[in-house]
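Examination of the molecular architecture
The chain contents come next:
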Amino acid sequence: NGGSVTLTSSSSTGNQWNLNGTPIGGATNQTYVASVTGNYSVTVTLSSCASTPSSSISVTVITAPSSVSQTNPANGSTGVSTPTTFNWVASAEPGVTYSIDISTDAAFSIIVDQATGLSTTTFNSTVLSPGTTYYWRVRVTNTCGNSNWSGNYSFTTGACVITASTNVPIII
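In short, a report on the structure.

Reading the values: rules and limits
- Residues numbered from 1 in each chain as written.
- Predicted model: local features only at pLDDT ≥ 70, side-chain atom pairs only at ≥ 80, totals over all residues.
- Heavy atoms only, no water.
- Pairing = 2+ DSSP bridges.
- Helix = DSSP H or I, 4+ residues; strand = E, 2+ residues; numbered from the N terminus.
- Axes fitted to C-alpha atoms, helices over the stretch in contact; angles between N-to-C directions.
- Phe/Tyr/Trp six-rings, centres within 6.5 Å; stacked < 30°, edge-to-face > 60°.
- Buried < 20%, exposed > 50% of the residue type's maximum accessible area, 1.4 Å probe, protein only.

Brief notes about the sheet that holds strand 10 (residues 84–89)
Strand order in the open sheet formed by 3 strands is 8-10-13, and the pairing between neighbours is antiparallel. Each edge of the sheet is formed by a strand with only one pairing partner; in this case those strands are strand 8 (69–72) and strand 13 (122–125). On average, each strand axis in the sheet is tilted by 25° relative to the strand beside it, whichever way the strands run. Alignment of strand 8 against strand 10, held across 3 bridges, turns out to be antiparallel. Paired with Asn 72 across the two strands is Asn 87, which belongs to strand 10.

Okay, structure coming up:
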């Protein structure tokens, strides 16, 4: 699930792994698990004769994404208009997408609306009913996997539905 990459030397003994040209303390096995972004090389010493460091390999470690903070609708809010716009804040990580679940129960066993693969931190739901309590959660996905679901926020929609007028003005 991301977070590291295993590097392997062609020599079974005498290895010293380096990060950005500096020897890594205790990193003397044939393999080294790199968990920090940087340039890695290995120097091999056989019969008291050290080789020149190998060509560097650039490692970029991508970790599983961090979770999000929900902002709208606020937890416990009432009188929320429908359709409802959901917003959240997430750290700026390249290549992430978002998933959202909206449910009528806190266990999320009855999902009334959901979306996956969202590229922005906003979702507009047009299927929510007035005068109903809902629960919502969000998670982030990248190439290394999913974050944990955010906290379960609840809100209650208002008793009236707001509908945008069309074809106005009308001449009578």
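Brief notes about the packing of aromatic side chains
Applying the stated rule across the entire model yields 8 aromatic pairs. Seen from their ring centres, Tyr 32 and Tyr 40 are 6.0 Å apart, and the 40° between their planes marks the pair as tilted. Of the two residues examined, Tyr 32 and Tyr 40, each falls in the buried class. Through a chain of ring-to-ring contacts, three or more aromatic side chains come together here, namely Phe 86, Phe 123, Tyr 134, Trp 136, Tyr 153 and Phe 155.

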